[in-house]
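# Understanding the architecture of this molecule
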Protein chains: 2
Amino acid sequence: MSNPSIDAILAHIDAHLDDSRARWFDLLRIPSISAQPAHKQDCIRAAAHARDLLAGMGFEARLAETAGLPGVIATHLKAGAHAPRVLFYGHYDVQPADPLELWHADPFNPQLVDGPHGKRVIARGAVDDKGQVMMVLEAIRASLAVTGRLPVNLTVLLEGEEECGSPSLEAMLNAERHALAADFVLVADTNMWNIDTPAITTSLRGLAAMELKITGPNRDLHSGLFGGPALNPIRALTRILGDLFDENGTIRIPGFYDGITQIPEDVLKSWRATGFDDAAWLGAIGLAHASGEHGRSVLEQNWARPTAEINGIFGGYQGDGSKTVIPAEAGAKLTFRLVPGQDPERVIQGFKHFVTERLLPDARAEFTVFGASAGLTVPIDAPYVVAARHALEAEFGKPPVLAGCGASIPVVEAFERQLGLKTLLVGFGLDDDCIHSPNEKFELRCFHRGMRAEARMLAAFAA
Amino acid sequence: MSNPSIDAILAHIDAHLDDSRARWFDLLRIPSISAQPAHKQDCIRAAAHARDLLAGMGFEARLAETAGLPGVIATHLKAGAHAPRVLFYGHYDVQPADPLELWHADPFNPQLVDGPHGKRVIARGAVDDKGQVMMVLEAIRASLAVTGRLPVNLTVLLEGEEECGSPSLEAMLNAERHALAADFVLVADTNMWNIDTPAITTSLRGLAAMELKITGPNRDLHSGLFGGPALNPIRALTRILGDLFDENGTIRIPGFYDGITQIPEDVLKSWRATGFDDAAWLGAIGLAHASGEHGRSVLEQNWARPTAEINGIFGGYQGDGSKTVIPAEAGAKLTFRLVPGQDPERVIQGFKHFVTERLLPDARAEFTVFGASAGLTVPIDAPYVVAARHALEAEFGKPPVLAGCGASIPVVEAFERQLGLKTLLVGFGLDDDCIHSPNEKFELRCFHRGMRAEARMLAAFAA
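Counting from 1, residues in each chain are numbered in the order their sequence is written. Starting at A for chains and at 1 for ligands, labels are handed out in the order in which the entities are written. Local features in a predicted model are, by the rule used here, given only for residues with pLDDT of at least 70; side-chain atom pairs are given and counted only at 80 or more, and totals for whole chains, interfaces and linings are based on all residues. To get the side-chain values, all heavy atoms of the structure are used, and hydrogens and water are removed first.

Least-squares fitting of one copy onto the other uses the C-alpha atoms of those residues that reach a pLDDT of at least 70 in both copies. Taken as rigid bodies, chain A and chain B are interconverted by a rotation of 180° and an axial shift of 0.1 Å, the fit giving an RMSD of 0.1 Å. Taken together, these values place the two copies in the relation of a two-fold axis. The criterion used for residue contact is that any of the two residues' heavy atoms lie within 4.5 Å. A high fraction, 99%, of the interface residues of chain A reappear at the interface in chain B, so the copies pair face to face through one surface.

Next comes the structure, spelled out in structure tokens:
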């Protein structure tokens with residue numbers, strides 16, 4: 001921010017907004033839907049388009065082949081050995097556009113329309129993630145145009161399979177670990193707090209996913225002829241799951257809360273400063289009470305506390321009316337959202353113990369674990385986080401919210417596990433952008449200020 | 001039994017067993033599958049065949065038209081005003097025969113084959129209920145042949161829709177209430193205790209069937225972005241259902257056990273005399289422990305105690321793997337088996353109260369009641385029950401087991417509700433007869449002794 005050229009870069013961004021938008025639209029016009037094999041060539045075309053954009057800006061750019069759709073890797077390593085090395089990650093693929101009939105225009109023919117915050121762009125990928133990627137690339141372009149250089153050594157990685165579960169990402173990170181070497185990862189795929197307030201996501205919850213199956217009799221039984229003496233696995237299952245929470249919403253699994261790290265005071269202060277309206281948030285989903293641990297706010301319950309969620313339950317007859325059956329088995333799908341400090345393996349073992357000690361006689365429990373990842377945190381006093389906080393405050397006139405995120409972001413987990421890298425999550429989407437839905441949009445104002453903020457952050461990282 | 005002609009009747013039955021079997025086979029050859037519209041004419045043919053058989057024996061016999069398949073009503077009211085009036089009920093329709101490939105022969109071409117108990121007859125309907133109906137009709141034929149009269153005033157009612165839920169039965173009972181007037185109903189559609197031991201079913205459990213649906217948020221939610229503060233209806237549901245039983249297997253619904261009548265000492269004695277093997281019964285269904293109220297035997301739990309059975313449970317994701325969803329709703333199907341003395345309406349209200357007082361904040365409960373019927377009992381000291389007990393003991397050399405039945409038999413309920421009649425359930429099937437399954441069979445020995453026992457009972461009713 002002490003970089004004397006930043007004002008010139010911001011002025012350049014302002015002056016060339018239409019050009020930036022035009023390039024953004026070019027990328028939006030390519031229907032790079034990774035989930036649909038019919039769009040495979042469009043995806044490859046989008047990758048090549050991005051590669052060429054980056055090459056045109058002076059990057060060494062190439063496609064990185066994978067078992068699936070290619071990644072784009074581009075490096076610009078001319079800032080000197082003492083400048084930080086930044087890995088920017090985004091994705092060029094988009095979600096399918098259907099249901100098409102709900103779109104007001106062709107999802108791959110971007111529209112500039114009026115909205116309550118000025119102009120907005122409507123297209124599939126407008127924000128997720130082509131808009132945010134182009135915002136960063138245009139900030140880089142402006143820096144290069146004004147100063148002839150970049151303040152940091154920069155590697156750009158664009159993935160082509162983010163919207164279909166990133167099946168090739170981990171192998172690519174592993175194969176390209178030398179090309180992707182960096183001090184940290186910068187990702188632009190999240191939201192602002194609101195249109196006037198930036199946000200950095202400093203913690204993500206991890207996820208342990210399991211299935212529990214309870215078996216009882218050796219076959220389905222008639223509930224008249226066998227009911228009473230015959231064990232009903234649904235009874236055994238509900239007896240266990242019904243005991244998962246105590247009266248205060250605390251999860252009863254032994255050792256579940258062990259190791260949870262304290263939320264830094266700066267972060268709590270930032271949450272309080274948002275003036276977040278618990279009642280409004282709950283009201284929007286038809287609820288009036290926060291169901292988690294009593295005495296904790298919505299933000300704490302969602303961002304900083306773990307959950308035990310029964311995502312599905314099944315057993316016996318589910319059709320119309322009634323059927324007099326005692327099923328041979330019943331089961332449930334569970335996920336545990338984990339916060340930093342919790343050991344996923346310990347949570348899984350604790351749940352198995354919790355179930356086993358509550359089994360009715362003759363009931364047997366089978367567990368299937370679908371995966372487990374720990375909660376992640378970005379150290380808010382790391383130099384790149386401090387730099388981002390200052391850059392965002394300079395652009396928006398107020399400090400960013402140091403937000404948590406109740407969900408997991410698999411790529412962040414992959415960077416941490418495969419490359420040992422922390423991820424700085426700063427994005428400029430809004431909650432109402434309709435990502436994955438018809439009429440996805442990105443406010444031009446968010447795109448514009450996002451470009452400015454990205455330019456400021458690049459400069460600040462090197463300060 | 002003091003009827004001096006009974007020995008002659010039994011001798012007649014023994015001497016004409018082949019003729020009886022031939023007439024039984026004639027009825028088995030008609031594929032009267034009530035559930036399959038393609039067999040409608042076969043059903044009508046079976047009804048006409050039965051009517052003609054009865055008319056040929058001196059009954060006033062006719063088809064009773066219904067909205068569906070006809071009933072057969074035949075009366076033989078020549079025993080005098082002081083003789084008891086008996087309504088014999090059976091059904092001429094049969095279950096579908098598929099899967100056909102599992103039958104060793106054409107299901108409608110009855111086979112006489114060797115088995116461990118001598119000859120047995122294999123055909124669809126061999127026992128259920130054509131075999132048991134013909135067993136009764138042949139006992140009547142023998143009585144008429146030997147004595148020229150019947151000891152009771154007898155009405156025969158054969159239904160044609162028993163295997164598809166008896167949709168027209170109640171209307172027919174109501175329309176024909178004068179023709180069907182009787183002192184009690186005799187039904188031959190149940191089993192013996194074992195091949196050497198007869199049984200009278202003296203109690204049936206009733207049934208209240210419901211669905212409970214719990215709703216929470218106004219739509220399905222992402223369990224990362226909303227999990228913690230957002231109410232999960234599966235949690236609310238399992239919390240309620242998990243509390244349905246205490247540690248002793250007792251059902252916690254308020255007032256649930258109110259009004260239950262004591263089991264007569266004679267009945268308990270009869271159960272003890274069976275030497276019923278709880279461990280073997282449980283072992284056959286893969287279990288080792290009786291799950292009902294602690295301290296009660298399998299027979300008590302199944303015959304004499306009520307149940308709360310969760311027949312189905314559903315909510316959220318049920319496919320492969322995992323899905324991070326908090327569903328908007330979850331639900332369960334429940335049936336309550338009721339024993340004599342319990343008020344079905346009170347049980348339903350008690351369950352609603354039980355649910356309502358355990359609802360988490362913001363959870364809403366919706367109830368759908370699919371029907372409710374009380375448990376039924378036959379007074380074991382009624383003259384016709386006493387007569388049947390003596391007749392069965394005379395035939396088998398041991399008293400019948402006064403069995404309960406954990407299931408409901410809708411026709412028994414219909415006779416009680418529509419006509420105010422108690423039902424005497426005496427049947428000669430065996431548990432391994434494969435009713436409703438491929439290779440349904442009826443032991444010739446059971447058919448033969450069943451005919452003899454029916455002839456003895458008819459005589460005994462009048463004694």
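After that view, the rundown keeps rolling.
The subject of this paragraph is the interface of chain A and chain B. Many analyses report the size of an interface as the accessible area lost when the parts associate. Tallying the contact residues gives 72 residues for chain A and 71 residues for chain B. Summed over both partners, the accessible surface that disappears when two parts come together, traced with a 1.4 Å probe, is what is meant by buried area. Summing the contributions of chain A and of chain B, the shared interface buries around 5,500 Å²; its carbon and sulfur component is 54%. When a carboxyl oxygen of Asp or Glu is within 4 Å of a side-chain nitrogen of Lys or Arg, the pair counts as a salt bridge. A salt bridge links R239 of chain A to E247 of chain B; the shortest N-O distance between them is 3.3 Å. Helix and strand definitions follow DSSP, with helices as H or I runs of at least four residues and strands as E runs of at least two, each counted in order from the N terminus. For the side of chain A that touches chain B, the element with the most residues is strand 11 (residues 307-316) of chain A, which contributes nine residues. Note on residue classes: Ala, Val, Leu, Ile, Met, Phe, Trp, Tyr, Cys and Pro are nonpolar, Asp, Glu, Lys and Arg are charged, and everything else, Gly too, is polar. In terms of residue class, the side of chain A that touches chain B is made up of 31 nonpolar, 29 polar and 12 charged. Pairing of strand 11 of chain A with strand 11 (residues 307-316) of chain B involves five bridges; the strand directions are antiparallel. At least two bridges found by DSSP between two strands are what make those strands a pair.

What follows concerns the domain arrangement of chain A. Residues and elements named next belong to chain A. For every domain, the bounds stem from an assignment made automatically or drawn from a database. Segmentation of chain A into domains returns domain 1 (6-204 + 376-462) and domain 2 (206-260 + 306-373). Between the C-alpha centres of domain 1 and domain 2 there is a distance of 40 Å. Each partner contributes to the interface: domain 1 provides seven residues, whereas domain 2 provides six residues. In total, about 420 Å² of surface goes out of reach between domain 1 and domain 2, with carbon and sulfur atoms giving 51% of it. When the area that domain 1 buries against domain 2 is broken down by residue, the three leading residues are L204, S408 and E413, summing to 61%. Any N or O atom pair separated by 3.5 Å or less is treated as a polar contact, with the protein-specific requirement of one donor-capable and one acceptor-capable atom, and with residues adjacent in sequence counted only for side-chain atom pairs. Run the count over domain 1 and domain 2 and you get one residue pair in polar contact (both at pLDDT 80 or more). Its residues placed into classes, the side of domain 1 that touches domain 2 shows three nonpolar, three polar and one charged.

It is worth spelling out the UniProt feature "domain: Peptidase M20 dimerisation" (unreviewed entry) in chain A at this point. Cross-referencing UniProt, the feature "domain: Peptidase M20 dimerisation" (unreviewed entry) maps to residues 203-361 of chain A in the present numbering. This span, residues 203-361 of chain A, is 28% helix and 23% strand, and a straight line between its end C-alpha atoms measures 42 Å. UniProt positions are given in the numbering used here, feature names are shortened, and annotations may be inferred rather than shown by experiment.

It is worth spelling out the packing of helix 1 (residues 6-15) of chain A against helix 13 (residues 444-462) of chain A at this point. All names here are of chain A. Angles run from 0 to 180 degrees between N-to-C directions of axes, and those axes are lines fitted to C-alpha atoms, restricted for helices to the stretch in contact. Remark: helix 1 packs on helix 13, axes separated minimally by 10 Å, with the N-to-C direction vectors making an angle of 155°. As summarised for this structure, helix 1 and helix 13 are arranged roughly antiparallel, according to the angle between their axes. Once helix 1 is placed against helix 13, the crossing between them reads as right-handed. From helix 1, I6, I9, L10, I13 and D14 reach across to helix 13, where they touch H448, M451, R452, A455, R456 and A459. Classifying every residue of the contact of helix 1 with helix 13 by side-chain character gives seven nonpolar, one polar and three charged. Should an angle fall under 35 degrees it is called roughly parallel, over 145 degrees roughly antiparallel, and 65 to 115 degrees roughly perpendicular, with every other angle called oblique. Handedness of a crossing is defined here by the sense of rotation of the near helix relative to the far one, left-handed for an anticlockwise turn of less than a right angle and right-handed for a clockwise turn.

Let us look at the sheet that holds strand 4 (residues 111-115) of chain B. For sheets, the rule is that strands pair by backbone hydrogen bonds, running either parallel or antiparallel. Residue and element names in this part refer to chain B. Read across the sheet, three strands follow the order 4-5-18 without closing on themselves; strand pairing throughout is antiparallel. Two strands in the sheet have a free side with no partner beyond their single neighbour: strand 4 and strand 18 (441-443). Ignoring which end each strand starts from, the neighbouring axes of this sheet average 35° apart. Relative to strand 5 (residues 118-122), strand 4 is paired through five bridges, and the arrangement is antiparallel. Counted as the bridge partner of L112 is V121 from strand 5.

Residue and element names in this part refer to chain B. Relative to the elements of secondary structure, E395 occurs in helix 11 (residues 383-396). A distance of 2.8 Å separates a polar atom in the side chain of E395 from a polar atom in the side chain of R456. Discounting chain neighbours no more than four positions away, the residues touching E395 are R449, R452, A453 and R456.

Outside of glycine, negative phi angles account for most residues, and trans bonds account for most peptide bonds. Note the cis peptide between D98 of chain A and P99 of chain A, where omega equals 5°. Omega for the peptide link from D128 of chain B to D129 of chain B comes to 0°, which places this bond in the cis form. The residue D129 of chain B is located in the loop between strand 5 and helix 4 (130-147) in this model. Residue C434 of chain B is not a glycine yet carries a positive backbone phi of 60°.

Here we come to the pairing of strand 5 of chain B. Side chains on a regular strand alternate between the two faces of the sheet. Two elements, strand 5 of chain B and strand 18 of chain B, share three bridges in a ladder whose sense is antiparallel. By the bridge assignment for strand 18 of chain B, V121 of chain B is matched with F442 of chain B.

What follows is about the pattern of salt bridges. In this structure the tally under the stated criterion is 64 salt bridges over all chains. When the shortest N-O distance is used, the salt bridge between R124 of chain A and E440 of chain A registers 2.7 Å. Within this pair, whereas R124 of chain A is found in the loop between strand 5 (118-122) and helix 4 (130-147), its partner E440 of chain A is found in the loop between strand 17 (423-426) and strand 18 (441-443), the two being separated by 316 residues in sequence. Across the pair, exposure class does not vary: R124 of chain A and E440 of chain A are buried alike. Notably, a salt bridge pairs E413 of chain B with R417 of chain B, separated by 2.3 Å at the nearest N-O pair. A residue pair is termed a helical-turn pair when its members lie 3 or 4 positions apart in one helix, as E413 of chain B and R417 of chain B do in helix 12 (residues 410-419) at four residues. Where salt bridges share partners, they join D14, E395, R449, R452 and R456 of chain A into one cluster. Accessible area is worked out with a 1.4 Å probe on protein chains only. A residue is then buried under 20% of its type maximum, exposed over 50%, and partly exposed in between.

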